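Structural description and commentary
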Protein chains: 2
Amino acid sequence: MSRLEIIPVHGVGEVERRSDVAAMIAEAAAAQDTPLRDGDAVVVTQKVVSKAEGAMVQVDPADPLSHKPVVEAESRRILRRRGELIISETRHGFVCANAGIDLSNVDRGWAALLPDDPDRSARRLRDQFRGRHGVNVAVVVSDTFGRPWRRGVTDVAIGSAGLVPVLDLRGTTDAYGRELMVTEVCVVDEVAAAAELVMGKALGVPAAIVRGLDPAWFSDRGGVLTDVVRAPADDLFR
Amino acid sequence: MSRLEIIPVHGVGEVERRSDVAAMIAEAAAAQDTPLRDGDAVVVTQKVVSKAEGAMVQVDPADPLSHKPVVEAESRRILRRRGELIISETRHGFVCANAGIDLSNVDRGWAALLPDDPDRSARRLRDQFRGRHGVNVAVVVSDTFGRPWRRGVTDVAIGSAGLVPVLDLRGTTDAYGRELMVTEVCVVDEVAAAAELVMGKALGVPAAIVRGLDPAWFSDRGGVLTDVVRAPADDLFR
């Protein structure tokens, strides 16, 4: 495996409802002399996808709790509450704080919801990169989630297109020739985490290029909702 | 933020008890024309740290369940069982499968335990890289963990030295000038995840260089056990 580059895409500009996010990213990448290439994975934050898709809801800027009814409406099930914090399972099956609803980096009086179907959002961007910009890239839509037992947040994939979301190593052997015990690696979450290292929360960098991934990991099949979200019967923590 | 490079270190060689892991990594990096540099983060897999430190236990190669008593001995608390799988909290406070005990990539008849104190392991490697090889690098000891609600495994940090484990963004503002809601980013876990993308499970690549991290993230203070593992009172999932 050769080296990876993780390249932040600066200068994307302000994304609004119906913005052509693929064009904005492709142009910004070219403008900073790192044009998109076949075989890249483009990580795009949930926030800009939600803004472009109009997945926004009005909140009362004077009331810090006004988004709570929205959280409950967007949640299939509440797992935990502590003070203002709600950890719930969204209708997509994601387990996260406040149903992924976020006030930061949006206009005052508005909150961003998670995209309705983040895998579909990723597929659309991939199709646009290919059809309008001539590059065959994978797309990962990333978001920032907390997790149990460990402090701090990390970015994970909430949608993907063009990458195998969970790499199946069954049947492969370790360096001693024995079949591996660990057989499924969630590469899209690792790609999202890697991209966050260059995007940062305050910088307003909404996209990054992950360049150099193994071509064998690219596939049109699968997505986060089908491949990464655990079915309830397989989840020991429901 | 400028780009990151994630560089696998090939040709490290077979690590055994008392191997000089820092020397093996420094030499292999130099041999492949990517010598370590000040400001790098070096990610090292738990497996080679455990081997070098002798954190190994004998198991019966004819009995696939013979490591179970060891799992229970290494665990502070069992969270879940399903068939042969045990998810437990280790004595360090990590929640993972089988107390992190692993049969792969070790000699037949042996299993690798987690290092006794992975932050100490990271500090020792950092001191050796600096004192014997003249480079000021951060060190992250990585391991592969599953997680609830999401399929597939990802790498996380079980030990670190020289990097702020959880970056505190409190007081910083978003692009709209509002104070950020998400204030703590676990950068060491994201560094571990990024490194796994080039290390792979079958390849036997035990180390990777993460080059280009923000110099402001480097610090001698903190580690995974103190900064990342949640205290029980703060953990909603205990």
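Residues numbered from 1 in each chain as written. Chains lettered and ligands numbered in written order. Predicted model: local features only at pLDDT ≥ 70, side-chain atom pairs only at ≥ 80, totals over all residues. Heavy atoms only, no water.

Residues and elements named next belong to chain A. The domain boundaries assigned to chain A delineate domain 1 (5-53 + 115-229) and domain 2 (56-114). For domain 1 versus domain 2, the separation of C-alpha centres amounts to 23 Å. Each partner contributes residues to the interface: domain 1 has 14 residues there, and domain 2 has 15 residues. Summed over both partners, the interface of domain 1 with domain 2 buries about 1,200 Å², with 59% contributed by carbon and sulfur atoms. Three residues, Lys47, Lys51 and Phe145, lead the burial of domain 1 against domain 2; their summed loss comes to 38% of the area buried on that side. Inspection of the domain 1/domain 2 interface yields two salt bridges. With a closest N to O distance of 3.3 Å, Asp116 and Arg91 form a salt bridge. Connecting domain 1 to domain 2 are six residue pairs in polar contact (both at pLDDT 80 or more). Those elements that provide at least two residues to the side of domain 1 that touches domain 2 are helix H2 (46-53), strand E8 (138-147) and helix H6 (224-227). Considering each element in turn, the side of domain 1 that touches domain 2 owes the most residues, four residues, to H2. By residue class, the composition of the side of domain 1 that touches domain 2 is seven nonpolar, two polar and five charged. (Domains from an automatic or database assignment. Contact = heavy atoms within 4.5 Å. Buried area = accessible area lost by both parts, 1.4 Å probe. Salt bridge = Lys/Arg side-chain N within 4 Å of Asp/Glu carboxyl O. Polar contact = N/O pair within 3.5 Å; in protein donor to acceptor, adjacent residues only side chain to side chain. Helix = DSSP H or I, 4+ residues; strand = E, 2+ residues; numbered from the N terminus. Nonpolar A, V, L, I, M, F, W, Y, C, P; charged D, E, K, R; others polar.)

This part covers the relation of the copies chain A and chain B. Superposing chain A onto chain B takes a rotation of 180 degrees plus a shift of 0.0 Å along the axis, which leaves an RMSD of 0.0 Å. Those values place the two copies in the arrangement expected of a two-fold rotation axis. With an isologous cut-off of 70% or more, the 100% of interface residues of chain A that recur at the interface of chain B puts this contact in the isologous class. (Least-squares fit on C-alpha atoms with pLDDT ≥ 70 in both.)

Okay, the environment of Glu5 of chain A next. If you trace the backbone, Glu5 of chain A turns up in strand E1 (residues 4-8). Residues Glu5 of chain A and Gly212 of chain A, spaced 207 residues apart in sequence, show a C-alpha to C-alpha distance of 6.6 Å. Once residues within four sequence positions are removed from consideration, Glu5 of chain A is found in contact with Ile209, Val210 and Arg211 of chain A together with Arg3 and Leu4 of chain B. One polar contact links Glu5 of chain A to Arg3 of chain B, side chain to side chain, over a distance of 2.5 Å.

A few words now on the sheet that holds strand E6 (residues 95-97) of chain A. Residue and element names in this part refer to chain A. The sheet built from three strands is open, its strands ordered E4-E5-E6 with antiparallel pairing. The open sheet has two edge strands, strand E4 (75-82) and E6, and neither has a second partner. Each strand of the sheet is rotated relative to its neighbour by a mean of 25 degrees, with strand direction disregarded. Judged from the three bridges that link them, strand E5 (residues 85-90) and E6 form a sheet pairing that is antiparallel. (Pairing = 2+ DSSP bridges. Axes fitted to C-alpha atoms, helices over the stretch in contact; angles between N-to-C directions.)

Below, the discussion takes up the interface of chain A and chain B. With 77 residues of chain A in contact, the opposing surface of chain B contributes 77 residues. Carbon and sulfur atoms make up 57% of the area that chain A and chain B hide from each other, which totals about 7,100 Å². For the pair chain A and chain B, the interface holds eight salt bridges. The interface formed by chain A and chain B holds 30 residue pairs in polar contact (both at pLDDT 80 or more) in total. Looking at the side of chain A that touches chain B, the elements that each hand over two or more residues are E1, E4, E5, E8, strand E9 (150-161), strand E11 (184-185), helix H5 (187-199) and H6 of chain A. With nine residues, the top contributor of residues to the side of chain A that touches chain B is H5 of chain A. Of the residues assigned to the side of chain A that touches chain B, the class counts are 43 nonpolar, nine polar and 25 charged. When E1 of chain A meets strand E1 (residues 4-8) of chain B, the two strands line up antiparallel, connected through three bridges. Opposite Glu5 of chain A, over in E1 of chain B, you have Glu5 of chain B as the bridge partner.

Residues and elements named next belong to chain A. Within helix H1 (residues 21-31), eight of the 11 residues are buried, which leaves the element mostly enclosed by the surrounding structure. Within H1 the residues assigned to the buried category are Val21, Ala22, Ala23, Met24, Ile25, Ala26, Ala28 and Ala29. Tucked inside the fold, the buried residues of H1 contact strand E2 (41-45), H2, helix H4 (118-133) and strand E12 (207-211). Looking one or two residues past H1, Asp33 carries a phi angle of roughly 65 degrees, positive in sign. (Buried < 20%, exposed > 50% of the residue type's maximum accessible area, 1.4 Å probe, protein only.)

What follows deals with the pattern of salt bridges. Summed over the entire model, instances satisfying the criterion amount to 32 salt bridges over all chains. Ionic pairing is found between Arg150 of chain A and Asp189 of chain B, a salt bridge with its closest N-O pair at 2.8 Å. Pair noted here: Arg150 of chain A is in strand E9 and Asp189 of chain B is in helix H5 (residues 187-199), and the two residues belong to different chains. Summarising the burial analysis for this pair, Arg150 of chain A and Asp189 of chain B share the class buried. Here Arg151 of chain B ties to Glu184 of chain A by a salt bridge, and the two come within 3.0 Å at their closest N and O atoms. Separated into two different chains, Arg151 of chain B in strand E9 (residues 150-161) and Glu184 of chain A in strand E11 make up a pair that spans both. Look at Glu184 of chain A and you get partly exposed, because its relative accessible area is 22%. Overlapping salt bridges, with partners in common, bring together Glu74, Arg91, Asp116 and Arg120 of chain A in one network.

In this section: the sheet that holds strand E4 (residues 75-82) of chain B. Residue and element names in this part refer to chain B. Strand order in the open sheet formed by three strands is E4-E5-E6, and the pairing between neighbours is antiparallel. In this open sheet, the two strands that pair with only one neighbour each are E4 and strand E6 (95-97). Averaged over all pairs of adjacent strands, the angle between their axes in this sheet comes to 25 degrees, without regard to strand direction.

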